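Each chain, letter by letter, is given below.
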Amino acid sequence: DERNNTMKLLSIAIPCYNSQDYMAHCIESLLPGGEDVEILIVNDGSKDDTAKIADEYAAKYPTIVKAIHKENGGHGSAVNTGIENATGIYFKVVDSDDWVNTKSLIRIMEKMKELEESGGVDMLLANFVYDKVGAKHKKLMRFKNAFPVNEVFGWERMGHLHETQYILMHNIFYRTQMLKDCHLELPKHTFYVDNIYVFEPLPYVRNMYYLDVNFYRYFIGRSDQSVNEKVMTGRIDQQIKVNQIMTDYFVEKKSEIMGNKPLAKYMLSYLDIITTISSILLIRINTPESLEKKRELLNYISQKDKKVYRKLRYGLLGNCMNLPGKTGRWISVEGYKICQKFFGFN
């Protein structure tokens, strides 16, 4: 094997912006991965003690933790920096206010080692938990009806995914080389780019593996969080921008995506959900400007690709978003509940 012994199994990027109050909890949950793990703390131009804490961890665990300081570019830009600096075979993003189940991390890494003996996979999936402030019952997102468990599988084995069972940044590990090969670059200073992070590499994924372990704890409940509904409606233009980027990408890659029916079906329904979320939020804002933006978004998709537009516009969710009157609004609210589950927002 030409790989040297210093090659890490897993690179974990932690994008940090003013994260001094909670980043230690996140880092501590990852350290038990030991020497097989590379923890990249990406300090995205923080103004608090984030840089200092990152440097302290790097000094204390020099073979495991790297502190990377950059000027502020937003979450996507911090993820890009993580990918550029990653040397591990697999790559994971863990947000600084989230954390992971350490036992599950160890199990996943054991599985990665085992998979590597037979060439590895492009994507590995696990479960995540919505850890909502004040909620007695934490919502677990499992995928065992959607994916074959404990075996390597391809797109043709993808089961039926329920609307709320979408692959999100929280439950996905990608092969680092594949991420580099597909030249994924997330836009700067833009929220909700985690959807692009999941979406764009999918045509490059040949095989995957699902472990039914509860790995990622997705913390929800800070008032300044990007998934807070008030914050989301305030940043609706960024949601629309992400929606357009995903549309552009799908249309640009359409010929190769369409050659793989299950992949095309999954990516279209992902785009459908994102478009629904944009539409629902614009309906909820309910100003003449927001309803005009909703028309413009659908028009944008229609001009990009009539067939894709028709699939979205006359799919289940598209129909729900455009029904007139009271019934229309009721169905829109039901669709909104799907979105709430998807994003886990407050």
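Analysis parameters
Residues numbered from 1 in each chain as written. Predicted model: local features only at pLDDT ≥ 70, side-chain atom pairs only at ≥ 80, totals over all residues. Heavy atoms only, no water. Helix = DSSP H or I, 4+ residues; strand = E, 2+ residues; numbered from the N terminus. Buried < 20%, exposed > 50% of the residue type's maximum accessible area, 1.4 Å probe, protein only. Contact = heavy atoms within 4.5 Å. Areas by Shrake-Rupley, 256 points an atom, 1.4 Å probe, with all protein chains shown as cover. Axes fitted to C-alpha atoms, helices over the stretch in contact; angles between N-to-C directions. Parallel < 35°, antiparallel > 145°, perpendicular 65-115°, else oblique. Left-handed = near helix turned anticlockwise from the far one by under 90°. Nonpolar A, V, L, I, M, F, W, Y, C, P; charged D, E, K, R; others polar. Salt bridge = Lys/Arg side-chain N within 4 Å of Asp/Glu carboxyl O. Core = buried A, V, L, I, M, F, W, Y, C linked by side-chain atoms within 4.5 Å. Arc of directions from axis to C-beta. Disulfide = S-S within 2.5 Å. Polar contact = N/O pair within 3.5 Å; in protein donor to acceptor, adjacent residues only side chain to side chain. Patch = residues over 30% accessible without salt bridge, like charges linked within 9 Å, V, L, I, M, F, W, Y side chains within 5 Å. Lys, Arg positive; Asp, Glu negative; His and termini not counted. Charge placed at Lys NZ, Arg CZ, Asp CG, Glu CD. Phe/Tyr/Trp six-rings, centres within 6.5 Å; stacked < 30°, edge-to-face > 60°. Lys NZ or Arg CZ within 6 Å of the ring centre and 35° of its normal.

1. A few points about the overall build of the chain
Part 1 of the argument: Along its length, the chain carries 14 helices and ten strands.
Part 2 of the argument: In the chain, which comprises 346 residues, the proportion classed as buried is 56%.
Part 3 of the argument: Of the contacts formed within the chain by residues at least 6 apart in sequence, a portion of 79% connects residues at least 24 apart.
Part 4 of the argument: In the structure as shown, the chain presents an accessible area of about 15,500 Å², 50% of it carried by carbon and sulfur atoms.

2. Notes on the packing of helix α10 (residues 261–285) against helix α11 (residues 288–304)
Part 1 of the argument: The interhelical angle for the contact between α10 and α11, taken along N-to-C directions, is 160 degrees, at an axis separation of 8 Å. As judged from the angle between their axes, α10 and α11 are roughly antiparallel. Where α10 crosses over α11, the handedness of that crossing is left-handed. Residues T275, S278, S279, L282, I283 and I285 of α10 lie in contact with α11, whose contacting residues are S290, L291, K293, K294, L297, L298 and I301.
Part 2 of the argument: Residue composition of the contact of α10 with α11, by class: seven nonpolar, four polar and two charged.

3. What to know about the pattern of salt bridges
Opposite charge on two side chains permits pairing when their charged atoms draw close.
Part 1 of the argument: Applying the stated rule across the entire model yields 14 salt bridges.
Part 2 of the argument: For E114, the salt bridge identified is with K111, shortest N-O distance 2.8 Å. Note that E114 and K111 are positioned in helix α4 (residues 102–116) at a spacing of three residues, about one turn of the helix.
Part 3 of the argument: What makes E114 partly exposed here is its relative accessible area of 47%.
Part 4 of the argument: Across the salt bridge formed by D237 and K293, the nearest N and O atoms sit 2.8 Å from each other. Of the two residues, D237 is situated in helix α8 (residues 236–252) and K293 in helix α11; the sequence distance between them amounts to 56 residues.

4. Brief notes about the nonpolar core
Part 1 of the argument: The biggest cluster of nonpolar side chains holds 105 residues, and the ones touching the most others in it are Y174 and Y197.
Part 2 of the argument: Looking at this core, the element that brings in the most residues is α10, giving twelve residues.
Part 3 of the argument: Residue contacts for Y197: discarding those within four places in its chain leaves V79, I83, F91, V93, M169, I172, Y174, L179, L184 and L186.

5. Notes on helix α2 (residues 50–60)
Part 1 of the argument: Among all positions of α2, only T50, I53, A54, Y57 and A58 are buried. Along the long axis of α2, the arc covered by the buried residues comes to 135 degrees, so they all point the same way. The exposed residues of α2 that point more than 90 degrees off its buried face are A59 and K60.
Part 2 of the argument: Against the buried residues of α2 lie β1 (10–16), α1 (23–30), β2 (37–44) and β3 (65–70).

6. Observations concerning the state of the cysteines
Part 1 of the argument: In the structure shown here, the tally under the stated rule is zero disulfides.
Part 2 of the argument: Unpaired in this structure, C26 has its nearest cysteine sulfur neighbour in C16, at a distance of 7.0 Å.
Part 3 of the argument: By relative accessible area, which is 0% here, C26 ends up buried.

7. A short note on the side chain of N171
Part 1 of the argument: Note that N171 resides in the loop between β8 (152–153) and β9 (172–175).
Part 2 of the argument: Of the polar contacts made by the side chain of N171, one reaches the backbone nitrogen of L168; its length is 2.8 Å.
Part 3 of the argument: If we skip the residues at most four places from it in the chain, N171 touches K92, L124, L125, A126, N127, F128, F143 and Y166.

8. Considerations on helix α3 (residues 75–85)
Part 1 of the argument: A large share of α3 lies buried, amounting to eight of its eleven residues.
Part 2 of the argument: For α3, every residue scored as buried is listed here: G76, S77, A78, V79, N80, T81, G82 and I83.
Part 3 of the argument: Check the buried side of α3 and you find it contacts β1, β2, β3, β4 (90–93), α5 (176–181) and α6 (194–199).

9. Things to note about the packing of α10 against helix α12 (residues 306–313)
Angle between the axes and distance between the axes: these two values describe a pair of packed helices.
Part 1 of the argument: Where α10 meets α12, the closest approach of the two axes is 10 Å, and the angle between their N-to-C directions is 65 degrees. Comparing the axis directions of α10 and α12 gives the class roughly perpendicular. Along this stretch, α10 crosses α12, giving a crossing that reads as right-handed. Here L268, L271, D272 and T275 of α10 come into contact with α12, specifically with V308, K311 and L312.

10. A closer look at a positive patch on the surface
Part 1 of the argument: A contiguous patch of positive charge on the surface is contributed by K306, K307, R310 and K311.
Part 2 of the argument: As for its position among the elements, K307 is in helix α12.

11. Describing the environment of K307
Part 1 of the argument: On the basis of relative accessible area, K307 is assigned to the exposed category, the value being 57%.
Part 2 of the argument: Here the alpha-carbon distance between K307 and V251, two residues 56 residues apart in the chain, equals 9.9 Å.

12. Description of the packing of aromatic side chains
Part 1 of the argument: Counted by the stated rule, this structure contains 14 aromatic pairs.
Part 2 of the argument: When the ring of F143 is compared with that of F147, the centres are 5.7 Å apart and the planes differ by 15 degrees; the resulting orientation is stacked. There is no split in this pair, since F143 and F147 are both buried.
Part 3 of the argument: Three or more aromatic residues joined by ring pairs make a cluster, and in this case those are F128, F143, F147, F153 and Y210.
Part 4 of the argument: Against the face of F173 rests K92, its NZ or CZ located 5.4 Å from the ring centre.

Everything listed here is a matter of geometry and, on its own, says nothing about what the molecule does.
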